[in-house]
Each structure stands twice: as structure tokens, then as C-alpha cells.
Amino acid sequence: MLAPKKVKFRKWQKGRLRGLATRGATLAFGDIGLKAVEHGQLSSQQIEAARIAMMRHIRRGGKVWIRIFPDRPVTAKPLETRQGSGKGAPVGWCAPVKPGRVLYEIRGVDHDLAVEALRLAAHKLSIRTTIVKKEDF
């Protein structure tokens with residue numbers, strides 16, 4: 001799964017996801033892509049599950065780009081622990097996503113095959129997405 005090699009801080013404050021994505025909002029590498037429609041956090045497990053679903057469907061054909069990276073730590077307190085006594089330990093990584101962000105891109109496969117692969121990938125993610133083509137921009 002995706003995870004950063006080294007980070008400056010072990011734990012982050014939560015923050016808020018507001019506004020639209022300005023970076024990574026257009027197709028840069030592929031002909032067709034999967035774009036986020038709402039705010040959310042995608043865990044490294046969700047990103048990997050969507051990638052595997054796409055790769056299994058297109059069967060070694062074409063190329064897939066992952067345009068997001070989980071660089072934000074997620075913390076959790078142990079089960080059956082009372083409240084208080086500080087913030088929990090890091091348990092995983094997530095990628096904050098704003099609406100308009102392109103998550104995945106595909107090139108080199110048939111259009112119908114790419115649409116179906118992206119549809120399968122979208123089912124693995126916890127946010128609503130839409131499929132965009134190069135001529136949409």
C-alpha cells in the first residue's frame with residue numbers, strides 16, 4: 001500500500017476540506033479519468049483496492065496513473081479506552097480529496113473497457129466520482 005517514507009510530524013491536526021481543487025483538476029497523462037465530485041478522505045487501502053480493480057479489468061493493457069498520494073496520518077485510540085489521555089497513535093495514511101480532483105487516469109485501452117474499469121474502481125472509493133474524457137476539458 002502507499003505510504004510516505006518519512007514525514008515531518010507524526011500526528012496532524014484534523015483541519016477542514018473546503019472549496020474546490022485547483023491542483024490536479026485536469027487530465028495530464030491519460031485519455032480518460034476518474035474525478036472526485038465531493039469532499040472526503042481516501043485511505044491507502046481504498047486507493048489500492050481501486051487500482052487493483054482497474055488493473056484486473058484491463059488485463060495488462062494500457063497504462064494507469066494514480067494522481068493522489070496518502071501523505072496524511074490517521075490516528076485512532078485503542079478499543080475500550082476511556083476518553084482523555086491524549087491523541088491516539090497513528091494507524092494508517094489517507095489522502096484528503098476536494099471536488100474536482102482527478103484521482104486516476106488511463107491511456108492505451110479501448111474506451112468502453114476504460115469506462116468499465118473506472119466504474120469498478122469508483123465502487124471501491126468512499127466518495128462520489130464521475131468519469132471524464134480528454135475532450136471534456
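Note that this is a predicted model, so its numbers are computed, not measured.

(A) Representation of the packing of aromatic side chains in the model. All told, the structure shown has one aromatic pair when counted by the stated rule. Measuring from ring centre to ring centre gives 5.6 Å for Phe29 and Trp65, while their planes differ by 15 degrees; the resulting arrangement is stacked. One end of the pair, Phe29, is in the segment before strand 1 (32–36); the other, Trp65, is in strand 3 (residues 63–66), and 36 residues separate them in sequence. Note on Phe29: relative accessible area 37%, which makes it partly exposed. Taking the relative accessible area as the measure of exposure, Trp65 reaches 19% and is therefore buried.

(B) Region of interest: the side chain of Glu105. Relative to the assigned elements, Glu105 resides in strand 6 (residues 102–107). One polar contact links the side chain of Glu105 to the main-chain amide nitrogen of Phe29, over a distance of 2.7 Å. Non-local contacts of Glu105, meaning those with residues more than four positions away in its chain, are made with Thr26, Leu27, Ala28, Phe29, Gly30, Ile32, Gly33, Lys63, Val64, Trp65 and Arg67.

(C) Up close: the nonpolar core. Counting residues in hydrophobic clusters, the biggest one holds 21 residues, and the most contacted among them are Leu42, Met54, Leu103, Tyr104, Ile106, Leu118 and Leu125. Secondary structure elements with two or more residues in this core: strand 1, helix 1 (44–58), strand 5 (89–97), strand 6 and helix 2 (111–123). Ignoring sequence-local partners within four residues, the contact set of Ile106 consists of Gly30, Asp31, Ile32, Met54, Lys63, Val64, Trp65, Ala114, Ala117 and Leu118.

(D) Here's a closer look at the packing of helix 1 against helix 2. The geometry of helix 1 relative to helix 2 is characterised by a closest axis approach of 8 Å and an angle of 150 degrees between their N-to-C directions. When the interaxial angle is binned, helix 1 and helix 2 end up roughly antiparallel. When you trace helix 1 past helix 2, the crossing you get is right-handed. Between helix 1, through Ala50, Ala53, Met54, His57 and Ile58, and helix 2, the contact on the second element is made entirely by Leu113, Glu116, Ala117, Leu118, Leu120 and Ala121. Per-class residue counts for the contact of helix 1 with helix 2 are nine nonpolar, one polar and one charged.

Conventions and cut-offs
- Residues numbered from 1 in each chain as written.
- Predicted model: local features only at pLDDT ≥ 70, side-chain atom pairs only at ≥ 80, totals over all residues.
- Heavy atoms only, no water.
- Phe/Tyr/Trp six-rings, centres within 6.5 Å; stacked < 30°, edge-to-face > 60°.
- Helix = DSSP H or I, 4+ residues; strand = E, 2+ residues; numbered from the N terminus.
- Buried < 20%, exposed > 50% of the residue type's maximum accessible area, 1.4 Å probe, protein only.
- Polar contact = N/O pair within 3.5 Å; in protein donor to acceptor, adjacent residues only side chain to side chain.
- Contact = heavy atoms within 4.5 Å.
- Core = buried A, V, L, I, M, F, W, Y, C linked by side-chain atoms within 4.5 Å.
- Axes fitted to C-alpha atoms, helices over the stretch in contact; angles between N-to-C directions.
- Parallel < 35°, antiparallel > 145°, perpendicular 65-115°, else oblique.
- Left-handed = near helix turned anticlockwise from the far one by under 90°.
- Nonpolar A, V, L, I, M, F, W, Y, C, P; charged D, E, K, R; others polar.

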